[in-house]
Amino acid sequence: MALGFFTALAGDRATAWSGGSEPGSQINAAAIAAMTERGIDIAGEYPKPWTDEVVRAADVVITMGCGDACPVFPSTRYENWDLDDPAGLDVADVRPIRDELERRVRALLDQLDVPATGQSV
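The following paragraphs examine the structure supplied in this document.

So, how was this worked out
- Residues numbered from 1 in each chain as written.
- Predicted model: local features only at pLDDT ≥ 70, side-chain atom pairs only at ≥ 80, totals over all residues.
- Heavy atoms only, no water.
- Helix = DSSP H or I, 4+ residues; strand = E, 2+ residues; numbered from the N terminus.
- Rg over C-alpha atoms; globule rule 2.2 N^0.38 Å.
- Buried < 20%, exposed > 50% of the residue type's maximum accessible area, 1.4 Å probe, protein only.
- Contact = heavy atoms within 4.5 Å.
- Areas by Shrake-Rupley, 256 points an atom, 1.4 Å probe, with all protein chains shown as cover.
- Axes fitted to C-alpha atoms, helices over the stretch in contact; angles between N-to-C directions.
- Left-handed = near helix turned anticlockwise from the far one by under 90°.
- Core = buried A, V, L, I, M, F, W, Y, C linked by side-chain atoms within 4.5 Å.
- Polar contact = N/O pair within 3.5 Å; in protein donor to acceptor, adjacent residues only side chain to side chain.
- Parallel < 35°, antiparallel > 145°, perpendicular 65-115°, else oblique.
- Nonpolar A, V, L, I, M, F, W, Y, C, P; charged D, E, K, R; others polar.
- Salt bridge = Lys/Arg side-chain N within 4 Å of Asp/Glu carboxyl O.

Attention now goes to the overall build of the protein chain. Assigned secondary structure in the protein chain consists of 4 helices and 2 strands. A compact globule built from 121 residues should have a C-alpha radius of gyration of about 14 Å, and the protein chain, at 14 Å, falls within 12% of that. With respect to the three principal axes, the spread of C-alpha positions in the protein chain is 40 × 35 × 25 Å. Scored against the burial criterion, the 121 residues of the protein chain give a buried share of 32%. Relative to all contacts within the protein chain whose residues are 6 or more apart in sequence, the contacts with residues 24 or more apart total 59%. In the structure as shown, the protein chain presents an accessible area of about 7,200 Å², 48% of it carried by carbon and sulfur atoms.

Okay, the packing of helix H2 (residues 29-36) against helix H4 (residues 91-111) next. One can describe the packing of H2 onto H4 by two numbers: an axis separation of 9 Å at closest approach and a directional angle of 65 degrees. At the point where H2 passes H4, the crossing takes the right-handed sense. From H2, Ala30, Ala31, Ala33, Ala34 and Met35 reach across to H4, where they touch Val91, Val94 and Arg98.

What follows deals with the nonpolar core. With 21 residues, the main nonpolar core has Met1, Phe5, Leu101, Val105 and Leu109 as its most contacted residues. Counting only elements with at least two residues in this core, the list comes to helix H1 (2-10), H2 and H4. Considering every element that reaches this core, the biggest residue donor is H4, with 6 residues. Excluding anything up to four places from it in sequence, Val105 contacts Ala2, Phe5, Phe6, Leu9 and Trp81. If you look at the next biggest cluster of nonpolar residues, it comprises 7 residues, including Trp50, Ala58, Val61 and Cys70.

Another point: the environment of Thr63. Mapped onto the secondary structure, Thr63 falls in strand S1 (residues 60-63). Take Thr63: its relative accessible area is 11%, and that puts it in the buried class. Through-space distance from the C-alpha of Thr63 to that of Asp82 is 8.1 Å; in sequence the pair is 19 residues apart. Apart from residues no more than four positions distant in its own chain, Thr63 is found in contact with Cys70, Glu79, Asn80 and Trp81. Polar side-chain contacts of Thr63 include one of 2.9 Å to the side chain of Asn80.

Glancing now at the packing of H1 against H4. The contact between H1 and H4 brings their axes to 9 Å, and the two run at 45 degrees. When the axes of H1 and H4 are compared, the pair comes out oblique. H4 is crossed by H1, and the crossing has right-handed handedness. Of the residues in H4, those touching H1 at Ala2, Phe5, Phe6, Leu9 and Ala10 are Arg98, Leu101, Glu102, Val105, Arg106, Leu108 and Leu109. Tallied by class, residues from the contact of H1 with H4 come to 9 nonpolar, no polar and 3 charged.

Attention now moves to the pattern of salt bridges. According to the stated counting rule, one finds 10 salt bridges in the structure shown. The partner of Arg98 in a salt bridge is Glu37, and the shortest N-O contact between them spans 2.9 Å. Residue Arg98 is located in helix H4, and its partner Glu37 is located in the loop between H2 and helix H3 (52-57); the two are separated by 61 residues in the primary sequence. Residue Glu37 is classed as partly exposed on the basis of its relative accessible area of 42%. Residue Arg77 pairs with Glu79 through a salt bridge whose shortest N-O separation is 2.3 Å.

As far as function goes, none of this settles anything; it's purely spatial.
Here you go:
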């Protein structure tokens, strides 16, 4: 969901990747539905593992509770966004997580001086 917001809001002004230390086998159906409500299609995404190359290339790495399982490199900025895991939740319960992710992505773009698109997602 965070990557969906980042891509929709940053457009071609910034690049993001999504990955995890222990990625699942598929994108959560409730997360897909919640993002579709906002006009963002994440159905074509799939869970990917972090690689050292992706982390080294990043200016900022956002973690969501991976702890020691995430690769850490000294010159990379890290932030942990401690949010509920949407796994097993229905769409109604995923919406607050989705909305908080949007807020955080917008704040991150602002910190990075990347103007968000004028669209209200």
